Amino acid sequence: MSSFEADPEVGPELPVTMELLEGAPVALGGPRGFAVTRTLPNRQRRMVGAWCFLDAYGPHDLGDSAGMRVGPHPHTGLQTVTWLVAGEVLHRDSLGNLQEIRPGQLNLMTAGRGISHAEETPAEHSPVLQGVQLWVALPRATRDMAPEFSHHADLPVAAFGDITATVLMGTLGDATSPARTHTPLVGAELVLAAGASATVPLRPDFEYAALALDGAPNVDDATLKPGPLLYLGAGRTSLRLTTSSESRVLLLGGEPFEERLVMWWNFVARDHDEIVGMRLDWESHTPRFGEVHGYDGPPLPAPAMPITRLVPRGRVR
Ligand code: MN
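Conventions and cut-offs
- Residues numbered from 1 in each chain as written.
- Predicted model: local features only at pLDDT ≥ 70, side-chain atom pairs only at ≥ 80, totals over all residues.
- Heavy atoms only, no water.
- Pairing = 2+ DSSP bridges.
- Helix = DSSP H or I, 4+ residues; strand = E, 2+ residues; numbered from the N terminus.
- Salt bridge = Lys/Arg side-chain N within 4 Å of Asp/Glu carboxyl O.
- Buried < 20%, exposed > 50% of the residue type's maximum accessible area, 1.4 Å probe, protein only.
- Polar contact = N/O pair within 3.5 Å; in protein donor to acceptor, adjacent residues only side chain to side chain.
- Contact = heavy atoms within 4.5 Å.
- pLDDT = per-residue confidence, 0-100.
- Expected span 1.5 Å × (residues − 1).

Turning our attention to the pairing of strand β5 (residues 51–61). Relative to β5, strand β4 (residues 34–40) runs antiparallel, the two being bridged by three bridges. Paired with L40 across the two strands is L54, which belongs to β5.

Here's what the structure looks like:
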């Protein structure tokens, strides 16, 4: 983690937080699996608003590899947010949805009390795959809701000078996504033309973070490259972005999420015993997670529980 001091001459009265959260390399499906960079949860900072998980991958040249192949697995207590920069992913879930997603579209799966799904590179696909997989934690009020899936092919776009922002979730400027949210939050993809210099309006009650998807954008004077997540804190009313070459930035924000969570494998819960129950329901094929049809491969087995009890954690370590 690095800290940046706000410029005392031009900075706001409140100290402005900036932390560079390094990503961890993870291979989905084992050491020869699909390589991703995980920046949430991070050692120092587990969440940004209700955003509790962020994997970025690619650009992967698929060549003769099978691309993404993630067999049927369960989720609870969260929404999965799938966003692509290049390529295609085919989603199948236990509600019977079969949906291919392409760049500029949003797949939003709300697990509630339980759902299962599989994701794969379709047989007919582009040569390159790049995207992000995000999770949003559901609050106490809706975490046990019935599962839902929605595909949004036509998302609203806001313009701020030389920046265009596609709003995945929540509101940015005058654009509001139709996707259903359960806590106040925002997710947007900002595309900066070469030479762009513009200011994006922020909400001071939200905390924010930015991830470079392409290029080398300057975010509030820090140059960001694909890899780490730049945590921007709360209390800001705007964010200045500039770039010399075309760049793409994922902006995440939300009201700080104050409930303590246990995140384990693909589950978001509130304590150890809930996780034990979820794991058992998956391993014993109870109806809770339904069944995914049509995926050519076995469901993913749950890992063994750790020897020690899982401890609920807050958004900051
Ligand atoms: Mn999943």
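As a further point, take the pattern of salt bridges. Scanning all chains against the criterion turns up 17 salt bridges. Between R45 and E19 there is a salt bridge whose closest N-O contact spans 2.9 Å. Of this pair, R45 sits in the loop between β4 and β5 while E19 sits in strand β2 (residues 19–21), and the two are 26 residues apart along the sequence. One exposure class covers both R45 and E19, and it is buried. We note a salt bridge from R143 to E274, for which the minimum N-O separation is 2.7 Å. Linking R143 in the loop between β12 (128–137) and β13 (148–152) with E274 in helix α1 (residues 272–283), this pair joins segments that are 131 residues apart in sequence. Several salt bridges share partner residues, and in doing so they unite R69, R92 and E120 into one network.

Here we come to the side chain of H117. Relative to the helices and strands, H117 is located in strand β11 (residues 115–120). Using a relative accessible area of 2% as the deciding quantity, one classes H117 as buried. Engagement of the side chain of H117 in a polar contact is seen with the side chain of H75, the distance being 3.2 Å. Residue contacts for H117: discarding those within four places in its chain leaves G71, P72, H73, H75, T80, H91, R92, D93, M109 and V292.

Across the protein chain, the average pLDDT comes to 93, with 94% of residues at or above 70. Low pLDDT (under 50) marks residues 5–14, which in the prediction has one contact with non-local residues, meaning those over four places away or in another chain.

It is worth spelling out α1 at this point. The terminal C-alpha atoms of α1 lie 17 Å apart, and with 12 residues this matches the ideal 16 Å at 1.5 Å per residue to within 8%. Along α1, the residues that are buried comprise H272, I275, M278, R279, D281 and W282. As for α1, its buried residues are in contact with β6 (69–75), β11, β26 (262–264) and β27 (267–269). Near the N-terminus of α1, the side chain that reaches the backbone nitrogen of D273, with its oxygen 3.1 Å away, is that of D271. Looking one or two residues past α1, H285 carries a phi angle of roughly 55°, positive in sign.

Moving on: the environment of A123. Relative to the helices and strands, A123 is located in the loop between β11 and β12. On the basis of relative accessible area, A123 is assigned to the exposed category, the value being 79%. For the pair formed by A123 and R260, sequence separation is 137 residues and the distance between their alpha carbons is 41 Å.

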